[in-house]
Amino acid sequence: MSSAPVSLAFTEDMHGFCNFDGSAQDFGRDDLQCYEKAFQQGQSQGRAVKFRLTIQIPDIDRFVKDPSLRAEAIGKVEADAAGGDLQVEKGTFNLFVQPAKDQASTIAREMHYTLYLRNKKGEPWTFYGYKTVRDGAMTEAWNQTTTLYTRMWQGHSEKAPDKVAAQGILHLTAEDFARQLTTFRSSGMTLLERARALTLFGGEFLGNLWQAYAPGFMQSEPELWSRVAIPVHTDRGVTEATITHHSFDTRDGLTLDLQRFVRKEGQDVVVLLHGLTTSTDMFIMPEHQNLVEHLLDNGFGDVWSLDWRGSGRFNYNLEPHRFTLDDVAAYDLPPAFEKIRAAVGPKARLHIIAHCVGGISTMLSMALHSYPGLESVTINSVGLTPRVSTWSGLKLKVAPFLVEKVLRYPYVSPRIPQFPGFALGKWLVPVLGLFHRECRDPACHFISFMWGSGHPAAYQHSNMSVLTHSRLADLFGGTSMNFYRHISKMVSAGFACPMKPGTRGDLTLPPSYLDAFCQKKQPRLLLISGRENHIFPGANRALYEELKQRRADMAVKYWEIPGYGHQDIFMGQHAARDVFPGILAFLKGKEVAV
């Protein structure tokens, strides 16, 4: 081996936005929301910042022995607000640095970039950026090592002034990272020397990541219940009501549950149906006013909620099965309504409010059956004309085969990130983290993986309370794959159709549920959807137009709610202000402001 020092170099590109309003103050290193806000402001102002830096390590052996892991950075920064191209006169890069003791203890390591720049006018600028690596956050490996929290100020100084000229965030994209891997160069005279230089650098990089992340990832038993803020499946979100459970059996051998909330019995009875993998829990959340409480407070004193076979409260979806939405329509809903009718009497007017796949199933059942006394039906997001994005359509086609036949998983669930060690499916956690950088909760990422296309897919983050976001795995359960197969078939057909032609009990399934629905006299119908719906975008609007074309006499309304997505229509922290009053008006036969 040569006695000459062996160097290593690579080139890094990062892109982002900074706010150049000059009012940014130095703030705590854990206050990353300030950087995020500045990034958003810079983005709205078009204040782009990017750099291309070549990181040079003259002597790899000396580098790995240096506690500060210091290297030289050369190149340029591009920022129009700071004078265009700014050349690096002196730059340092620290691969990993242990923060000072007085800084936030949750930060295990930092990467530092300090660049003394000069623009074309000769004006000096300083660029400082850092990346944080936090103990135990395995799902954040990609986010943290590719997100640079940035400040810039005029002049050359190691310490930032009280107010800096700019602050924001730069990101390394997956494309940039792939290109970066091709730029590694070494001065080693032999292949062995060059390989050794790469190994030393990679070992230092990965070793620090392992030290930070492994303890949290490898814990043998996650203490799931030691930090529960709200008990799972709690009823305490509904006050001053008599709460009872009413179980019943289906013709194909399942036991399901109806939950009844009574404050004052009356002639108008509301029945709620959740979506696939959720449950009655989505209607009775105690962290803010929920739908059941809102109905009870506003004159509808008798509310029922059906946990059909897709409920997260049951274990049916955590086992291989071949249930379809035909089964839900034929076997779950008819006995549920018989149970309700027996309790409330023959004269009560029934009002259904159904969400997502619960909405599809409701309309399928209405195509198969006549429900006497059904006064109104409200369907959120999707009914008889499922529509999904191209990416979601691809997932629907591929996922059932991939999950069951290739990966051999019985189900997927937002609980998977909490499985111990290297449990089945745990490898998906860091993979999904690469593509979902909108938050740090792997359960949220899994919900986006399971449903729709978006960041996140199922709701607008701004509409969800912090507490709700922290307990997503309690509110969304797992699911086996066959329901997805049926939805995929409907999407391909363009309308709701049976999974397989034939019968369910004594019922003959129609080739088109849409045709069968339109041939029956139907109650008042309200179709709603969030304008930012990323799971079934445009599905209810398409159904509204189809029904109006086919049945001009049908009493159907469409309401698109701005600022809302899919699940937040019912689970959002301000839904009682923005959504529920409109639904309430429809139930009372009043005009909905659409």
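These remarks concern the structure in this document. (Residues numbered from 1 in each chain as written. Predicted model: local features only at pLDDT ≥ 70, side-chain atom pairs only at ≥ 80, totals over all residues. Heavy atoms only, no water.)

Considerations on the overall build of the protein chain
The helix and strand inventory of the protein chain stands at 19 helices and 21 strands. Carbon and sulfur atoms make up 53% of the accessible area of the protein chain, which amounts to about 25400 Å² in all. (Helix = DSSP H or I, 4+ residues; strand = E, 2+ residues; numbered from the N terminus. Areas by Shrake-Rupley, 256 points an atom, 1.4 Å probe, with all protein chains shown as cover.)

Brief notes about the sheet that holds strand S17 (residues 374-380)
Across the sheet, which stays open at both edges, the eight strands sit in the order S12-S13-S15-S14-S16-S17-S20-S21 with mixed pairing between neighbours. Every other strand in the sheet has two partners, leaving strand S12 (242-249) and strand S21 (556-561) as the edge strands with one partner each. The sheet shows a mean angle of 20° between the axes of neighbouring strands, taken without regard to direction. For S17 and strand S20 (residues 524-530), the ladder comprises five bridges, and the chain directions are parallel. The partner of Ile379 across the bridge, within S20, is Leu527. Packing of helix H8 (residues 357-368) onto the sheet brings it into contact with strand S14 (268-273), strand S16 (349-355), S17 and S20, and relative to S16 it is tilted by some 135°. Strands S17, S20 and S21 of the sheet are contacted by helix H16 (residues 539-550), whose axis makes an angle of about 160° with S21. (Pairing = 2+ DSSP bridges. Axes fitted to C-alpha atoms, helices over the stretch in contact; angles between N-to-C directions. Contact = heavy atoms within 4.5 Å.)

Re helix H14 (residues 482-493)
Since there are 3.6 residues in each turn of an α-helix, residues three or four apart along the chain are aligned in direction. Relative to the 16 Å expected for twelve residues at 1.5 Å per residue, H14 spans 17 Å between its end C-alpha atoms, a close match to the ideal helical length. Turning to H14, its buried residues number three or more, namely Asn482, Phe483, Tyr484, Arg485, His486, Ile487, Ser488 and Met490. Elements in contact with the buried residues of H14: helix H7 (325-344), H8, helix H9 (390-406) and helix H11 (442-450). Where H14 terminates, the next one or two residues include Gly494, which has phi positive at roughly 90°. (Expected span 1.5 Å × (residues − 1). Buried < 20%, exposed > 50% of the residue type's maximum accessible area, 1.4 Å probe, protein only.)

Quick word on the pattern of salt bridges
Inspection of the entire model under this criterion finds 32 salt bridges. In this structure, Arg313 and Asp307 form a salt bridge, with 4.0 Å as the shortest nitrogen-oxygen distance. On the basis of relative accessibility, which here comes to 21%, the residue Arg313 falls in the partly exposed class. The exposure class of Asp307 is buried, given its relative accessible area of 0%. Among the ionic pairs, Glu560 bridges to Arg531, the shortest N-O distance being 3.1 Å. One end of the pair, Glu560, is in strand S21; the other, Arg531, is in the loop between S20 and H16, with 29 residues separating them in the sequence. Beyond isolated ion pairs, a larger network of salt bridges with shared partners links Lys50, Lys76, Glu78 and Asp85. (Salt bridge = Lys/Arg side-chain N within 4 Å of Asp/Glu carboxyl O.)

Looking at the pairing of strand S4 (residues 70-79)
In terms of strand pairing, strand S3 (residues 48-57) meets S4 through seven bridges, oriented antiparallel. In the sheet register, Thr54 faces S4, and the bridge partner there is Ile74. Relative to strand S5 (residues 84-97), S4 runs antiparallel, the two sharing seven bridges. What sits directly across from Ala79, in S5, is Gly84.

Regarding the packing of aromatic side chains
All told, the structure shown has 19 aromatic pairs when counted by the stated rule. With 5.6 Å between their ring centres and 75° between their planes, Phe283 and Phe570 make a pair best called edge-to-face. Here Phe283, found in the loop between S14 and helix H6 (291-297), pairs with Phe570, found in helix H17 (residues 568-571); they are 287 residues apart in sequence, far enough to count as distant. Each member of the pair, Phe283 as well as Phe570, carries the same accessibility label: buried. Ring centres 5.2 Å apart and planes at 40° place the aromatic pair Phe314 and Tyr316 in the tilted group. Assessed through its relative accessible area of 17%, Phe314 is described here as buried. Following the ring pairs from residue to residue traces out a cluster consisting of Phe10, Phe63, Phe184 and Phe201. Positioned over the ring face of Phe323 is Arg309, at 4.8 Å from the centre of the ring. (Phe/Tyr/Trp six-rings, centres within 6.5 Å; stacked < 30°, edge-to-face > 60°. Lys NZ or Arg CZ within 6 Å of the ring centre and 35° of its normal.)

Thoughts on unusual backbone geometry
Note that the residue after His455, namely Pro456, is joined by a cis bond; omega there is -5°. By secondary structure assignment, the location of Pro456 is in the loop between H11 and helix H12 (466-470). In the Ramachandran plot, Leu69 falls in the positive-phi region, its phi being about 45° despite a non-glycine side chain. Exposure remark for Leu69: the relative accessible area of 4% places this residue in the buried category. Here the phi dihedral of Ser381 falls at roughly 85°; this positive angle occurs in a residue that is not glycine. Within the secondary structure, Ser381 sits in the loop between S17 and H9. For Ser381, a relative accessible area of 0% corresponds to the buried category.

So, the environment of Ser370
Positionally, Ser370 belongs in the loop between H8 and S17. Classification of Ser370 by relative accessible area gives exposed; the value is 58%.

Considerations on the environment of Phe63
Here Phe63 is to be found in helix H2 (residues 60-65). Taking the C-alpha atoms as reference points, Phe63 and Ser7, 56 residues apart in sequence, are found 9.6 Å from one another. Those residues within four positions of Phe63 in sequence are excluded, and the remaining contacts are Ile57, Leu69, Arg70, Ala71, Leu95 and Phe201.

Remarks on the side chain of Arg309
Relative to the assigned elements, Arg309 resides in the loop between strand S15 (302-307) and H7. The buried category is assigned to Arg309, whose relative accessible area is 0%. Within the structure, Arg309 has its side chain in polar contact with the side chain of Asp252 (distance 2.7 Å). (Polar contact = N/O pair within 3.5 Å; in protein donor to acceptor, adjacent residues only side chain to side chain.)

Quick notes on the side chain of Ser381
Only 2.8 Å separates the side chain of Ser381 from the side chain of Asn533, close enough to count as a polar contact. Of note is the side chain of Ser381, whose polar atom sits 2.8 Å from the side chain of His566. Contact partners of Ser381, with chain neighbours within four places excluded, come to Ile528, Asn533, Phe536, Ala539, Asn540 and His566.

Remarks on the pairing of S20
In terms of burial, S20 is a largely internal element, six of the seven residues being buried. Bridging between S20 and S21 involves six bridges; their strand directions are parallel. Following the sheet pairing, Ser529 is matched in S21 by Glu560. Where the polypeptide runs from S20 across H16 and back to S21, its parallel neighbour, the crossover connection is right-handed. (Right-handed = clockwise from strand over helix to strand, strands pointing away.)

Taken by themselves, the reported measurements are silent on function.
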